[in-house]
Structures are given as structure tokens and as C-alpha cells.
Amino acid sequence: AETSCDSPSTSVPSSASESQAPLHFSVHELPVSLPISQCVPTSVFRQVLTSRSQVTLCGSDLQSHIIRTGDEYFQTHSPKSLYCAPIMQQRKLLAILYLENDFVSSAFSSDNVQILQLLCSQAALSIENARLYSRLEASNRSLERQVSERTLQLEEKNQSLHAEIAVRLSAEAN
């Protein structure tokens, strides 16, 4: 599964100005209303989930995969190449990166895959840092709430003691 889509006959433009077609990309969250099989190629995701390794498909490898799996996604989508990789931190799966290119079958060359692997590593660190920060914020809110509750209890006790002192002083004066 760790292959690349290097093709000597096809070159991937290094900048948008060199490209015939404009560069398009999008980030998607899976729509709740659609079945997952219409949003992503489940066979590719399943392979990444079970192997915990990247999948790069293009050209005849992609066509063989489509025929072999009969994945419903490919009935409505026709990518020329795709890349799917786990985003992992300390052997724990955090997310899955899925990219597809509808224009070029050599979009995921070995150089591009190396960059994507680096990005996945950085994404894993960012996701883990965000989770740790979220937990830290939750702990801080909990501690602040506990401090506020304890402060209120102490203020009530202090008022009670002041009232008791005033009653005793009043009793001694009489």
C-alpha cells in the first residue's frame, strides 16, 4: 500500500500558473444526511483502518481496486488518483487524511507522499495538543468553579461568625 504515483509521462505542475486547469481543493466534514459510502470510498478507509498504513492508488492500480472492491463511492466519483493515510500519535489513530485528484493520475508522487507524511505527523501533534489544551481548559474551569464555591462557603461562614460575635458582644453588654 505504500506506493506512489510517479509517472514519467505525466508531470504535475509545481505552481498554479503552470497548470492548464485551476487548482481546486476542499475540506469536507461528512454530511450527516448522506450514507458514508456516498461520501468516501469505504474500501480504502477500511484498508487504512485495519492496516494503519497509507494507501496510494492511481492508474491501473486504482482501476483494479475499483473493480475488485465494487466500492459504491466510485459509482458517482471518478478520481484519477487518491491518497489515504492514518493520522496517528503513539500508535493511536486520531484521524484519517483522504485526498483525491480528479485531473492527474500522478498527483501523489513519492516526493508529494513524503510531504503528506510530514503533514500527517504535524497534524497528529496539533490534534493531540488541541485535545490536551481542551482538557486543561476543562480542568481550569472545574478548579475555578470549586474555588468560587469554596469562597462562597467561606464568606457565608464568615458572615455567620460575625453575626455570632455581634450577638455575644450584645449579650455581654447587657
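This text goes with the structure placed above it.
In this text the structure is predicted, and so the values were computed from the model without any measurement.

Scanning the chain from N- to C-terminus turns up 4 helices and 3 strands. Sequence separation of at least 24 residues holds for 63% of the intrachain contacts in the chain that already meet a minimum separation of 6.

A few words on the environment of Pro79. Along the polypeptide, Pro79 turns up in the loop between helix H3 (59-69) and strand S2 (81-89). With relative accessibility at 5%, the residue Pro79 sits in the buried group. With residues up to four places along the chain from it excluded, the contact list for Pro79 reads Leu62, Phe74, Glu100, Asn101 and Asp102.

Before going further, it helps to spend a moment on the pairing of S2. The element S2 is extensively covered by neighbouring structure, given that 8 of its 9 residues are classed as buried. Of the pairings in the sheet, the one linking strand S1 (residues 55-58) to S2 comprises 4 bridges and is antiparallel in character. In the strand pairing of S2, Val55 is matched with Cys84. Bridging between S2 and strand S3 (residues 92-101) involves 9 bridges; their strand directions are antiparallel. Note that in S3 the partner of Pro86 across the bridge is Ile96. Counted along the chain from S2 to the antiparallel partner S3, the turn is 2 residues long, and its residue Gln90 has a positive phi close to 50°.

On the basis of which strands lie adjacent, the open sheet formed by 3 strands has the order S1-S2-S3 and antiparallel pairing. Lying at the two open borders of the sheet, with one neighbouring strand each, are S1 and S3. Averaged over all adjacent pairs, the angle separating strand axes in this sheet is 10°, with direction ignored. Packed onto the sheet, H3 meets S1 and S2 and runs at close to 100° relative to S1. Running at roughly 40° to S2, helix H4 (residues 110-173) makes contact with S1, S2 and S3 of the sheet.

Quick notes on the rules
- Residues numbered from 1 in each chain as written.
- Predicted model: local features only at pLDDT ≥ 70, side-chain atom pairs only at ≥ 80, totals over all residues.
- Heavy atoms only, no water.
- Helix = DSSP H or I, 4+ residues; strand = E, 2+ residues; numbered from the N terminus.
- Contact = heavy atoms within 4.5 Å.
- Buried < 20%, exposed > 50% of the residue type's maximum accessible area, 1.4 Å probe, protein only.
- Pairing = 2+ DSSP bridges.
- Axes fitted to C-alpha atoms, helices over the stretch in contact; angles between N-to-C directions.

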